[in-house]
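Residue strings, one per chain:
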Amino acid sequence: MVMVGMLAVPALDWAHAWPVRPGFFMLALALVAAIGFLDDRSPRPALLRLLVHLVAAGIVAWVMLEGAFGLRWPAWQVALAVLALAWSINLHNFMDGSNGLLAWQAAWYGATLSAQLFIGGEYGMAAFAMLTGAAALGFLTLNWPRARVFMGDGASGFIGLAFAAAALFGVVQKLFGLSESFIIASAFLVDATATLLLRMLRGERFWQGHREHLYQRFIRAGRSHLWVSLAYLGWNLVVALPMLVWTRYLEGGPLHFMPAGIVLLLALLVWFLGRLWCAPRVQQRERGA
């Protein structure tokens, strides 16, 4: 996936179809992939990884927001974009813990983002999203339903930055809004963010590895990796996709955010109820072990 995404950028630039600075964009992707691969081989300090992620996110934000007269957005919005990109890198690393789960999500991102970018006439970025998502489908043959190869921090971080960058590009170019982006990422966004906030409220060392995400609790409660990946895929197809289509037909204004609000609240409810369902089953299984 990393190789496909990295090679797609110069190929599209050679075809005069790439819309932003290719060198800096590839540098940001390479930084995230490199620190991830190094961490896979030998754990690196959390602060070092975070700094690299912030640098890479800053490069992507600058590339995507660069205009003829400086950055297109005010400083506080640029800062939010950097934090969102860095969070995307990390949350997709956190969610890479079940066979096929992240690969299916990457394929979902590739399909939905490329479709929206294509409709908006940005064929280069659409091709990048489509090729990266297609590479994830190819990876599924090795990772799902039985895992013979694992993605690792390098590829998961790359996916998080690549697709967040494509979404940011669509928002900046006004091809679609934040509402569509939140809907597309809702399954992973809510699970990762709600779990992080819960661990912070508990005073836990939230920067360390754990098994508290909803998908991990399902597995600890006895559900199979196959069941978990199909459950998240089902959310995307049954809940997110219809809401995404609905959003396309809404005009601008407050109503445009209504589908995203519904999806995020519903996802939060599922996260909460899922944890309640898992709690006694996890305790029973782990006491028995």
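These remarks concern the structure in this document. Starting afresh in each chain, residues are numbered from 1 along the sequence in its written order. Side-chain atom pairs in this predicted model are given and counted only at pLDDT of 80 or more, local residue features only at pLDDT of at least 70, and totals for whole chains, interfaces and linings cover all residues. Hydrogens and waters are ignored; side-chain quantities use all the structure's heavy atoms.

**A few points about the overall build of the protein**
Secondary structure follows DSSP: runs of H or I at least 4 residues long count as helices, runs of E at least 2 residues long count as strands, and numbering of each begins at the N terminus. Scanning the protein from N- to C-terminus turns up 11 helices and 2 strands. Ordered by position in the sequence, the α and β elements of the protein form the string α-α-α-β-β-α-α-α-α-α-α-α-α. A globule of 289 residues ought to have a C-alpha radius of gyration of about 19 Å, and the protein, at 19 Å, matches this closely. Taking the principal axes of its C-alpha atoms as reference, the protein extends roughly 65 × 45 × 40 Å. Only protein chains enter the accessibility calculation, which uses a 1.4 Å probe. A residue is then buried if its area is under 20% of the maximum for its type, exposed if over 50%, and partly exposed in between. For the protein, the residues scored as buried account for 49% of the 289 residues in total. The long-range fraction of contacts in the protein, counting pairs at least 24 apart against all pairs at least 6 apart in sequence, stands at 75%. For accessible areas, the Shrake-Rupley method is used with a probe of radius 1.4 Å. Any residue's cover is judged against the shown protein chains and nothing else. In the form shown here, the protein has an accessible surface area of approximately 14,100 Å², with 69% of it arising from carbon and sulfur atoms. Note that the radius of gyration is over C-alpha atoms, with the globule rule given as 2.2 Å times the number of residues to the power 0.38. The contact definition used throughout considers only heavy atoms, calling two residues in contact when any of these lie within 4.5 Å.

**Observations regarding the nonpolar core**
Generally speaking, soluble globular proteins have nonpolar side chains that are buried together. Of all hydrophobic cores here, the largest spans 88 residues; its most connected members are Phe-25, Met-64, Leu-113, Phe-128, Leu-161, Phe-188 and Tyr-232. Sorting elements by how many residues they give to this core places helix α7 (residues 152-172) first, with 14 residues. Setting aside anything within four residues of it in sequence, one finds Phe-128 in contact with Gly-5, Ala-8, Val-9, Leu-12, Trp-18, Phe-25, Leu-29 and Ala-162. Residue types Ala, Val, Leu, Ile, Met, Phe, Trp, Tyr and Cys, when buried and joined through side-chain atoms within 4.5 Å, form a set referred to as a nonpolar core.

**Let's talk about the layout of surface pockets**
Every definition here rests on a 1 Å grid over the protein atoms only: cavities are sets of points where a 1.4 Å probe fits but cannot get out, pockets are open sets enclosed by protein on both sides within 12 Å along at least five of seven lines, and lining residues have some atom within 4 Å of a point. Grid points are joined across faces, edges and corners, and a volume is the space filled by probe spheres set on the points. Here the largest pocket defines a volume of roughly 960 Å³. Considering the residues around the largest pocket, the lining is formed by 32 residues, among which Ala-84, Leu-178, Ser-181, Phe-182 and Leu-189 are closest to the centre. Listing elements by their share of the lining of the largest pocket, those giving two or more residues are α4 (75-94), α5 (101-119), α7, α8 (178-201) and α11 (258-288). With 11 residues, α4 is the largest single contributor of residues to the lining of the largest pocket. Across the lining of the largest pocket, the residue classes tally to 26 nonpolar, 6 polar and no charged. Basically, the charged four are Asp, Glu, Lys and Arg, the nonpolar ten are Ala, Val, Leu, Ile, Met, Phe, Trp, Tyr, Cys and Pro, and anything else, Gly included, counts as polar.

**Some remarks on the packing of α8 against α11**
The description of two helices packed together rests on the angle between their axes and the distance between the axes. Helix axes are fitted only over the stretch in contact, all axes being lines through C-alpha atoms; the angle between N-to-C directions runs from 0 to 180 degrees. Put simply, α8 and α11 touch, their axes get as near as 9 Å, and they point 35 degrees apart. The handedness of the crossing between α8 and α11 is right-handed. Across from Ser-179, Phe-182, Ile-183, Ser-186, Leu-189, Val-190, Asp-191, Ala-194, Thr-195 and Leu-198 in α8, the residues of α11 making contact are Pro-259, Ala-260, Val-263, Leu-264, Ala-267, Leu-268, Trp-271 and Arg-275. Classifying every residue of the contact of α8 with α11 gives 13 nonpolar, 3 polar and 2 charged. Should the near helix be turned counterclockwise from the far one by less than a right angle, the crossing is left-handed, whereas a clockwise turn marks it as right-handed.

**Let's talk about the pattern of salt bridges**
Note on definitions: salt bridges are taken to be side-chain nitrogens of Lys or Arg within 4 Å of carboxyl oxygens of Asp or Glu. The final tally for this structure, using the stated rule, is 9 salt bridges. In this structure, Glu-204 and Arg-202 form a salt bridge, with 3.5 Å as the shortest nitrogen-oxygen distance. Residue classification places Arg-202 among the partly exposed residues on the basis of a relative accessible area of 47%. Through salt bridges with shared partners, a single network forms among Arg-211, Glu-212, Arg-217, Arg-220, Arg-275 and Glu-286.

**Overview of empty space enclosed by the protein**
Using a probe with the size of a water molecule, rolled over the atoms, empty space left in the structure can be pinpointed. All told, the structure shown has 1 cavity of 30 Å³ or more when counted by the stated rule. Its volume calculated, the largest cavity comes out at about 40 Å³. Surrounding the largest cavity, Phe-94, Ala-192, Thr-195, Leu-196, Arg-199, Phe-206, His-210 and His-213 form its lining. Counting residues per element, the lining of the largest cavity draws most heavily on α8, at 4 residues. Residue classes in the lining of the largest cavity are distributed as 4 nonpolar, 3 polar and 1 charged.

**Describing the side chain of His-53**
Within the secondary structure, His-53 is located in helix α3 (residues 46-65). Relative accessible area serves as the criterion here: at 9%, His-53 is assigned to the buried category. At 3.3 Å, the side chain of His-53 forms a polar contact with the side chain of Asn-90. Among residues more than four places away in sequence, those in contact with His-53 are Val-32, Ile-35, Ala-86, Ile-89 and Asn-90. As used in this structure description, the phrase polar contact means that two N or O atoms lie within 3.5 Å; if the pair is within protein, one of them must be able to donate a hydrogen and the other to accept it, and residues adjacent in sequence are counted only when both atoms belong to side chains.

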